[in-house]
2 protein chains.
Amino acid sequence: MGDLEIRAAVAEDLPAVVAMLADDVLGAQRETPDDLDPYLAALERLTADPNQRLVVAVREGRVVGTLQLTIVPGLSRRGSTRSIVEGVRVHADERGSGLGTRFIEWAIEESRRENCQLVQLTSDNTRTDAHRFYERLGFVASHVGFKLQL
Amino acid sequence: MGDLEIRAAVAEDLPAVVAMLADDVLGAQRETPDDLDPYLAALERLTADPNQRLVVAVREGRVVGTLQLTIVPGLSRRGSTRSIVEGVRVHADERGSGLGTRFIEWAIEESRRENCQLVQLTSDNTRTDAHRFYERLGFVASHVGFKLQL
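Because the structure is a prediction, the values reported are computed rather than measured.

Procedures and definitions
Residues numbered from 1 in each chain as written. Chains lettered and ligands numbered in written order. Predicted model: local features only at pLDDT ≥ 70, side-chain atom pairs only at ≥ 80, totals over all residues. Heavy atoms only, no water. Contact = heavy atoms within 4.5 Å. Buried area = accessible area lost by both parts, 1.4 Å probe. Salt bridge = Lys/Arg side-chain N within 4 Å of Asp/Glu carboxyl O. Polar contact = N/O pair within 3.5 Å; in protein donor to acceptor, adjacent residues only side chain to side chain. Nonpolar A, V, L, I, M, F, W, Y, C, P; charged D, E, K, R; others polar. Pairing = 2+ DSSP bridges. Helix = DSSP H or I, 4+ residues; strand = E, 2+ residues; numbered from the N terminus. UniProt positions renumbered as here; feature names shortened; annotations may be inferred. Buried < 20%, exposed > 50% of the residue type's maximum accessible area, 1.4 Å probe, protein only. Least-squares fit on C-alpha atoms with pLDDT ≥ 70 in both. Phe/Tyr/Trp six-rings, centres within 6.5 Å; stacked < 30°, edge-to-face > 60°.

Attention now moves to the interface of chain A and chain B. Contact residues are listed per partner, giving 63 residues for chain A and 63 residues for chain B. Across the interface of chain A and chain B, roughly 6,000 Å² is buried in total on both sides, 56% from carbon and sulfur atoms. Considering only the surface of chain A that becomes buried against chain B, A:Leu75, A:Phe146 and A:Lys147 emerge as the three largest contributors, covering 16% of it. On inspection of chain A and its partner chain B, the count reaches four salt bridges. Across the salt bridge formed by A:Glu86 and B:Arg82, the nearest N and O atoms sit 3.2 Å from each other. For the interface between chain A and chain B, the tally reads 42 residue pairs in polar contact (both at pLDDT 80 or more). Here the residues of the side of chain A that touches chain B sort into 28 nonpolar, 21 polar and 14 charged. Taken together, the seven bridges between strand β6 (residues 140–149) of chain A and strand β5 (residues 118–124) of chain B define a ladder with antiparallel strand orientation. Paired with A:His143 across the bridge in β5(B) is B:Asp124.

And the structure:
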């Protein structure tokens, strides 16, 4: 396979990115790939925020993955900064290609560059394959993730 | 008990805030209340970031709680914005006073004001009392929280 590039997402990437968000047993129920306007507004907000990195993975000119990294300063742990990984998606054609690993390694490197002391993420209880994947990369399943829909 | 005020944290609150972060079975090992410099630097960074709310609860002029709320724009769920609650601490004297509930209700209200569609947080697997507390407030333990120390 051709070389992989990881770069900031731009508006032209949105159709491919939203298609990946929707191509998922959980995402299918909550995304609207036919209406990109709310995604475009969100991308503008993300791009304007220096603590946000919304990136895509591109292979041979095609968007094959997306990931959001958020840098979160904080007081606890002696004023530590942490990073949060959200919205990791890899195109169905790329599963098993090592892109997931490359992506998380990119997030870890970017977090080090930002002087983060901790990288964290949550994964739906039902995504047991993803849990094994994160544990292989050194993550520890030390927490319970709670969500409240508003 | 006197009235409770929830307001943005300022530098003068730091000794009380860091003492609360350290007064905890997990925090005792990772905080340095005798050296406030890293906390002061972190507070300056938090105060400068419009997506951060580091607040304290004050009763009769005394800081009795702290909480950090982070507003996180995103692409998934039709460009939803979510909020993340971190670093919730209530002074030992105030436990059972309802302050924890007031605090989380404040975070939920602030998240609604910021048009968030989701409030999320993670809680260490060992904090089973906290888990019951969040479930009583309507949070769902739907996720596994992974952390990687850098």
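With numbering aligned to this structure, UniProt lists the feature "domain: N-acetyltransferase" (unreviewed entry) at residues 4–150 of chain A. Along residues 4–150 of chain A the backbone is 33% helical and 34% strand, and the end-to-end C-alpha distance reaches 38 Å.

Turning our attention to the pattern of salt bridges. Evaluated as defined, the whole model comprises 18 salt bridges over all chains. A:Arg78 is the salt-bridge partner of B:Asp35, the closest N and O atoms lying 3.2 Å from each other. A residue pair is termed interchain when its members come from two chains, as with B:Asp35 in the loop between α1 (14–22) and α2 (37–47) and A:Arg78 in helix α3 (residues 76–79). By relative accessible area, which is 30% here, B:Asp35 ends up partly exposed. A relative accessible area of 37% means that A:Arg78 is categorised as partly exposed. Between B:Arg7 and B:Asp13 there is a salt bridge; the shortest N-O distance is 2.8 Å. A relative accessible area of 25% means that B:Arg7 is categorised as partly exposed. Take B:Asp13: its relative accessible area is 5%, and that puts it in the buried class.

With that settled, the discussion passes to the relation of the copies chain A and chain B. When chain A is fitted to chain B, the best match, at an RMSD of 0.0 Å, comes from turning it 180° and sliding it 0.0 Å along the axis. What the rotation and shift describe, once combined, is the action of a two-fold rotation axis. Of the interface residues in chain A, 100% have counterparts in chain B that sit at the interface too, so the contact is made through matching surfaces.

As a further point, take the packing of aromatic side chains. Overall, the coordinates contain six aromatic pairs over all chains when judged by the stated rule. Ring plane angle 65° and centroid distance 5.2 Å describe the contact between B:Phe133 and B:Tyr134, whose orientation is recorded as edge-to-face. Assessed through its relative accessible area of 18%, B:Phe133 is described here as buried. Under the relative-accessibility criterion, B:Tyr134 is labelled buried at 8%. Centre to centre, the rings of B:Tyr134 and B:Phe139 are 5.7 Å apart; their planes meet at 75°, and the pair counts as edge-to-face. Put simply, the rings of A:Phe133, A:Tyr134, A:Phe139 and B:Phe146 pair up and form one aromatic cluster.

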